[in-house]
Amino acid sequence: DAGVIQSPRHEVTEMGQEVTLRCKPISGHNSLFWYRQTMMRGLELLIYFNNNVPIDDSGMPEDRFSAKMPNASFSTLKIQPSEPRDSAVYFCASSRTRGQHGYTFGSGTRLTVV
Amino acid sequence: GDSVTQMEGPVTLSEEAFLTINCTYTATGYPSLFWYVQYPGEGLQLLLKATKADDKGSNKGFEATYRKETTSFHLEKGSVQVSDSAVYFCALNSGGSNYKLTFGKGTLLTVNP
């Protein structure tokens, strides 16, 4: 089991550029979650999918953020245009169930917008 | 709504000391409860869980008991090691059709040799 795989591990970009973060969930997991972690706000749930369908995107901070899950093995989180306040660690997690047995997290993408 | 409150850190202990990190929760229904650990530069890892009242979750010497009467899930370890230095998160899932894990703010533990 390779776990949840995120890429890239680190991303440094200039303000105004488009950023795409990628996630491959664990095979057989049907729920996928995107979180953002900052010192100020801790862990924030941005969006989650079940069976590739977005269930709740109320945590997405602005229209600059979008997420897709075109199939069961791949998801993207896109920020366009990026701003310095988007700098954070972005985690993807997946789960076989609705969450009552917990999630498996990826190692995260550390995004720095300069 | 659901919420998790855990003791604020940082917590600094000497090696072999006893550890308690308090966690209380508010939830509808009968939640599942979790402790996650985050080592520096890594993602969150599930440390232990309990899915019903009076269950005790345990792993790597850590324990936590699901106390419905006090709505608590305190994390304990009898003898901490330097390698236990990390951030610890308490979390819950309120079950039913709810997909979300609700996390506490995290507690930074530093263990000195």
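Asks: Which parts of the structure should I look at to understand the pattern of salt bridges?
Replies: Residues and elements named next belong to chain A. This model, assessed by the stated rule, comprises twelve salt bridges over all chains. The partner of Asp-86 in a salt bridge is Arg-64, and the shortest N-O contact between them spans 2.7 Å. Here Arg-64 lies in the loop between β6 (53–56) and β7 (65–71) and Asp-86 lies in the loop between β8 (74–79) and β9 (88–95), a separation of 22 residues in the sequence. The same class applies to Asp-86 as to Arg-64, namely buried. The shortest N-O distance in the salt bridge between Arg-85 and Glu-83 comes to 2.6 Å. We classify Arg-85 as exposed; its relative accessible area is 51%.

Asks: Teacher, can you tell me more about the pairing of strand β8 (residues 62–65) of chain B here?
Replies: When a strand is regular, its side chains alternate between the sheet's two faces. Residues and elements named next belong to chain B. Pairing analysis gives four bridges linking strand β7 (residues 56–59) to β8, with the strands arranged antiparallel. Opposite Asn-59, over in β8, you have Phe-62 as the bridge partner. In textbook terms, the turn of a hairpin is the stretch between consecutive antiparallel strands, and for β7 and β8 this stretch comprises two residues, one of which, Lys-60, has a positive phi near 55 degrees. Sheet topology note: the β8/strand β9 (residues 75–77) ladder contains three bridges and is antiparallel. Along β9, the bridge assignment pairs Phe-62 with Lys-77.

Asks: Explanation requested: the packing of aromatic side chains in the structure shown.
Replies: To describe a pair of aromatic rings, you give the distance between the ring centres and the angle between the ring planes. On inspection of all chains with the given rule, the structure shows 14 aromatic pairs over all chains. With 6.2 Å between their ring centres and 80 degrees between their planes, Tyr-25 of chain B and Tyr-66 of chain B make a pair best called edge-to-face. Taken as a pair, Tyr-25 of chain B in strand β4 (residues 23–26) and Tyr-66 of chain B in the loop between β8 and β9 lie far apart in primary sequence, 41 residues in all. Note on Tyr-66 of chain B: relative accessible area 1%, which makes it buried. Pairwise contacts between aromatic rings join Phe-33, Tyr-35, Tyr-48, Phe-91, Tyr-103 and Phe-105 of chain A together with Phe-34, Tyr-36, Phe-89 and Phe-103 of chain B into one cluster.

Asks: Any chance you could explain the interface of chain A and chain B here in plain terms?
Replies: Put simply, an interface is often sized by how much accessible area is lost when its parts join up. The interface is formed by 21 residues belonging to chain A together with 20 residues belonging to chain B. Note on chain A versus chain B: buried area summed over both sides is about 1,700 Å², and carbon and sulfur give 55% of it. Here chain A is connected to chain B by one salt bridge. Among the ionic pairs, Lys-100 of chain B bridges to Asp-56 of chain A, the shortest N-O distance being 3.2 Å. Counting residues per element, the ones that place at least two in the side of chain A that touches chain B are β4 (31–38), β5 (42–50) and β6 of chain A. In terms of residue class, the side of chain A that touches chain B is built from nine nonpolar, nine polar and three charged.

Asks: Sorry if this is basic, but what is going on with the state of the cysteines here?
Replies: What we call a disulfide is simply a covalent bond connecting the sulfur atoms of a pair of cysteines. Residue and element names in this part refer to chain A. The final tally for this structure, using the stated rule, is two disulfides over all chains. Each sulfur in the disulfide pair Cys-23 and Cys-92 lies 1.9 Å from the other. Disulfide Cys-23 to Cys-92: torsion about the S-S bond roughly -65 degrees, handedness left-handed. Here Cys-23 is found in strand β3 (residues 19–24), whereas its partner Cys-92 is found in strand β9, with 69 residues between them in sequence. Across the pair, exposure class does not vary: Cys-23 and Cys-92 are buried alike.

Asks: Before we go on, may I ask you to explain the sheet that holds β8 of chain A in this structure?
Replies: Two pairing modes exist for strands in a sheet, parallel and antiparallel, and in both the strands are linked by backbone hydrogen bonds. Residues and elements named next belong to chain A. Taken in spatial order, the four strands make up an open sheet running β1-β3-β8-β7, and their pairing is antiparallel. Both outer strands of the open sheet, β1 (5–7) and β7, are each paired with one neighbouring strand and no more. For this sheet the average axis-to-axis angle between neighbouring strands, irrespective of direction, equals 15 degrees. As judged from the three bridges shared by β1 and β3, these two strands associate in the antiparallel manner. Directly across from Gln-6, in β3, lies its bridge partner Cys-23.

About the cut-offs
- Residues numbered from 1 in each chain as written.
- Chains lettered and ligands numbered in written order.
- Predicted model: local features only at pLDDT ≥ 70, side-chain atom pairs only at ≥ 80, totals over all residues.
- Heavy atoms only, no water.
- Salt bridge = Lys/Arg side-chain N within 4 Å of Asp/Glu carboxyl O.
- Helix = DSSP H or I, 4+ residues; strand = E, 2+ residues; numbered from the N terminus.
- Buried < 20%, exposed > 50% of the residue type's maximum accessible area, 1.4 Å probe, protein only.
- Pairing = 2+ DSSP bridges.
- Phe/Tyr/Trp six-rings, centres within 6.5 Å; stacked < 30°, edge-to-face > 60°.
- Contact = heavy atoms within 4.5 Å.
- Buried area = accessible area lost by both parts, 1.4 Å probe.
- Nonpolar A, V, L, I, M, F, W, Y, C, P; charged D, E, K, R; others polar.
- Disulfide = S-S within 2.5 Å.
- Axes fitted to C-alpha atoms, helices over the stretch in contact; angles between N-to-C directions.

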